[in-house]
Amino acid sequence: MFSTTIDVVAIGHTGGEPHALRGLLAEYGADVRLLPIGAPQHLADVLGGRQSRAEHLVLCCHGDERGILLDELAPEIARSQPFNDVLTPENAAELTRLSGTLVVSTGCMTGTEAFAEAFMRGGCSAYIAPEDYLEGTAAIAFVSVFYYHLLQLKTPLPDAVRLAANLGGDTTLFRLWN
């Protein structure tokens, strides 16, 4: 029997991160789906609750001071999308309808107050993300330790975040809003 449902959302070119996390989270007893994002509308459908009913979303992505970065699209495809190039906190606030969902973002700079407020106003139970630019393997380390504590050891959410952030290095950049 699965302990929880988790959708791993692969946004852009994130290397092996989504696949590694999918396998690891399944080992921890979660029912895990991998949702690749090919166009902004796909991400809008996930955030709007139309493509995901999971208890947790792990957003594997890249980010900068503007928001979550998306792949460039051909102009004829881009014209029909709800947004292009970057998911901003403003876009996230408009789109997010995730009642009770815990969201973890691995993208640099996605741990801003604006993103947290957007996700929390959209119904999320908690939002976890890095506040600054981080080295890539720190994201995988944080998520794997966080979910080990949360799913396997049944550690309370704030303590699981603290323990994962205390690994050192750039894992210390992750912050919890709930």
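For the structure, check the block above.
For clarity, every value in this text was computed on a predicted model and none was experimentally measured. (Residues numbered from 1 in each chain as written. Predicted model: local features only at pLDDT ≥ 70, side-chain atom pairs only at ≥ 80, totals over all residues. Heavy atoms only, no water.)

A.B. asks: When you look at the sheet that holds strand β1 (residues 5–11) in this model, what are you seeing that I'm missing?
C.D. replies: Strand pairing in a sheet relies on backbone hydrogen bonds, with the paired strands running either antiparallel or parallel. Taking strand neighbours across the sheet as the criterion, the six strands line up as β2-β1-β3-β7-β8-β9 in an open arrangement whose pairing is mixed. Only two strands of the sheet have a single neighbouring strand rather than two, namely β2 (31–37) and β9 (174–177). Averaged over all pairs of adjacent strands, the angle between strand axes in this sheet comes to 15°, irrespective of strand direction. Relative to β2, β1 is paired through seven bridges, and the arrangement is parallel. In the sheet register, A10 faces β2, and the bridge partner there is P36. Strand contacts of helix α6 (residues 136–152): β1, β3 (56–60), β7 (102–105), β8 (126–130) and β9, with the helix running at about 155° to β7, the strand carrying the most contacts. The strands touched by helix α7 (residues 157–165) are β7, β8 and β9; relative to β9, the strand with the most contacts, the crossing angle is about 170°. (Pairing = 2+ DSSP bridges. Helix = DSSP H or I, 4+ residues; strand = E, 2+ residues; numbered from the N terminus. Axes fitted to C-alpha atoms, helices over the stretch in contact; angles between N-to-C directions. Contact = heavy atoms within 4.5 Å.)

A.B. asks: Quick question: what am I supposed to make of the environment of I77 here?
C.D. replies: By the secondary structure assignment, I77 is in helix α3 (residues 75–78). The exposure class assigned to I77 is partly exposed, which follows from its relative accessible area of 41%. Between the C-alpha atom of I77 and that of A39, which follows or precedes it by 38 residues, the distance is 8.5 Å. (Buried < 20%, exposed > 50% of the residue type's maximum accessible area, 1.4 Å probe, protein only.)

A.B. asks: Looking at this structure, I do not really get the nonpolar core. What am I missing?
C.D. replies: Nonpolar side chains tend to gather and get buried jointly when the protein is soluble and globular. Among the nonpolar cores identified, the biggest contains 31 residues, and V58, I128, F142, F146 and Y147 are the most heavily contacted of them. Secondary-structure elements contributing two or more residues to this core are β1, α1 (17–27), β3, β7, β8, α6 and α7. Those residues in contact with Y147 that sit more than four places away from it in its chain are I6, L25, Y28, H56, V58, L102, V104 and Q152. With 27 residues, the next largest nonpolar core counts C61, F115, A116 and W177 among its residues. (Core = buried A, V, L, I, M, F, W, Y, C linked by side-chain atoms within 4.5 Å.)

Treat this as a map of the structure, not an account of what it does.
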